[in-house]
Amino acid sequence: MSVPSIPDSILRLPSRTAEFGALLARWCAINSGSGHGAGLERMRLALADAFSQSFPAAKVEILASDAPGRNPEGAKSLRIRLRPAAPRQVLLCGHYDTVFEADDPFQGCRWTDADTLNAPGASDMKGGILTILAALEAFEAAPGASGLGWEVLLTPDEETGSHGTRALFLEARQRYDFGFVFEPARPNGDLVHSRKGTGVFVAVCHGRASHAAKIPNDGRNAILALAEFLLAASRIPAELPGVLVNVGNIRGGSAASNVVPHLAQAEIDVRVTRLSDREPLLARLQALVDGVNAREGFRLELKGGMNRPPKECMAAEEHVFAAWQAAAADLGQPAFTWVHTGGASDGNFLSAGGLPNLDGVGPIGDQLHSDREFCRVPTVASRAQLAALVLHRIAHGLVPIPSRPRLPATT
Ligand SMILES: [Zn+2]
């Protein structure tokens, strides 16, 4: 079978790598920690500027993304839309917050070699947002773009759980046929096949204080009861494959060691591979809570719950992933596959909303959430080539995506 021709604008992307590196370094120099309202605003303005310059005909909207007590007041998302009435509609998304707050020692950018930028958010995920920009520029410059409408959604709170923006992802199913999440690729270039769902629980154990030396001792040691609960909870994954339970922190007691402590508390991170794992996990946790509460003098409260549902692979995603691989082969790029990962992303919310999506389509990098985070900058261009070529083929009807019932376009 002959390979359909590849537009010049897509072939030329790697020649723009120096330009992409300079822009990525400028973006990473702006601190946009999830809790730094002024920095997030600076970043949002820089992104609005870049996208409106590249796509003057696009509609740029600013969306309130408040989540009182969680997001900085006035946090906003950015939505850029072009051709909302075209026959096919796709969503491309990324987050512009990072885990590095204004007072974090990791600030600024460092080139560790000619191709590698070590900087906060270099691959997670300012590099991904740059890949969206580059891909859409090349796609728009290619013939036949009119067959496809797109929305770019850039959000300020992914790293803290997307509390102010999850509704935007859940409702995206009403307007789009398919989504692309530009989280970084795995370090070997693989994409993401599925992601675990995540939750956080806080276990608060109440006992009864007394003098440590009292005989007989009627104290109820909250630390020990909580420790037994945590040990039992940490064994749940042995019975439920696909579930992870991590006790993340613990505190309890007082400064005095001659007191039987009346209070102890711990935070637990839980993850599930399938939505169907959720209920058995919750039932086991509740049974353990009931066990503690059946003991005289103890009371255990379990607060919190699941945050992101798991992202399970949908059939429609397999076709688009195959198209992504075919694009790599046609461009002479290295082969890759897709893998399951325990980390969640906003792709989890797209899946929960019923929107098939391909995740991990951003550039290659590693050491996320550490001061060693880096992005292989030439992969911004090569991954943008893949995205642009698949979008081009979708626009020409060469890559089928499922058509979904949609709300009428508003503009
Ligand atoms: Zn992250």
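Residues numbered from 1 in each chain as written. Predicted model: local features only at pLDDT ≥ 70, side-chain atom pairs only at ≥ 80, totals over all residues.

Quick word on the packing of helix α9 (residues 315-330) against helix α11 (residues 378-395)
Where α9 contacts α11, the two axes come as close as 9 Å, and the packing angle between them is 120°. With respect to each other, α9 and α11 are oriented oblique. Between α9 and α11 lies a crossing whose hand is right-handed. When α9 is examined against α11, the residues V320, A323, W324, A327 and A328 are found in contact with a partner set consisting of L386, L389, V390 and R393. Taken together, the residues of the contact of α9 with α11 sort by class into 8 nonpolar, no polar and 1 charged. (Axes fitted to C-alpha atoms, helices over the stretch in contact; angles between N-to-C directions. Helix = DSSP H or I, 4+ residues; strand = E, 2+ residues; numbered from the N terminus. Parallel < 35°, antiparallel > 145°, perpendicular 65-115°, else oblique. Left-handed = near helix turned anticlockwise from the far one by under 90°. Contact = placed C-beta atoms within 7 Å. Nonpolar A, V, L, I, M, F, W, Y, C, P; charged D, E, K, R; others polar.)

Quick notes on helix α6 (residues 222-234)
For α6, built from 13 residues, the straight-helix expectation of 18 Å at 1.5 Å per residue is met to within 8% by its first-to-last C-alpha distance of 18 Å. Of all the positions in α6, only A222, I223, A225, L226, F229 and A233 are classed as buried. The buried residues of α6 all sit within an arc of 165° when viewed along its axis, so they share a single face. Taken together, the buried residues of α6 touch β9 (197-206), α7 (236-239), β11 (243-252), β13 (263-272), α8 (278-293) and β14 (299-308). (Expected span 1.5 Å × (residues − 1). Buried ≥ 20, exposed ≤ 12 C-beta atoms within 10 Å, placed from the backbone. Arc of directions from axis to C-beta.)

Section: the pairing of strand β4 (residues 110-113)
In terms of strand pairing, β4 meets strand β5 (residues 116-118) through 3 bridges, oriented antiparallel. Looking across to β5, one finds that R110 is bridged to N118. Where β4 folds back onto β5 in an antiparallel hairpin, the turn is made up of 2 residues. (Pairing = 2+ DSSP bridges.)

What about the packing of α6 against α8?
Contact geometry of α6 with α8 gives a least axis separation of 10 Å together with a crossing angle of 155°. Judged by the angle between their axes, α6 and α8 are roughly antiparallel. Here α6 and α8 pass one another in a crossing that is right-handed. In this structure, α6 uses A225, F229, A232 and A233 to contact α8, whose residues at the interface are L285, L288 and V292. Residues that form the contact of α6 with α8 fall into these classes: 7 nonpolar, no polar and no charged.

Observations concerning the domain arrangement of the chain
Assigned domains within the chain: domain 1 (8-195 + 311-395) and domain 2 (197-308). One C-alpha centre belongs to domain 1, the other to domain 2; they are set 38 Å apart. Of the residues lining the interface, 6 residues belong to domain 1; the matching set on domain 2 comes to 8 residues. The residue makeup of the side of domain 1 that touches domain 2, split by class, is 2 nonpolar, 3 polar and 1 charged. (Domains from an automatic or database assignment.)

So, unusual backbone geometry
The amide bond that connects D124 to the next residue, M125, takes the cis arrangement and shows omega of -10°. Structurally, M125 can be placed in helix α4 (residues 122-141). The phi torsion at Q367 lies on the positive side, around 60°, for a residue other than glycine. Positionally, Q367 belongs in the loop between β17 (365-366) and β18 (374-376). For H369, which is not glycine, the phi torsion reads 65° and is therefore positive. Relative to the helices and strands, H369 is located in the loop between β17 and β18. H369 sits in the partly exposed class, given 13 other C-beta atoms within 10 Å.

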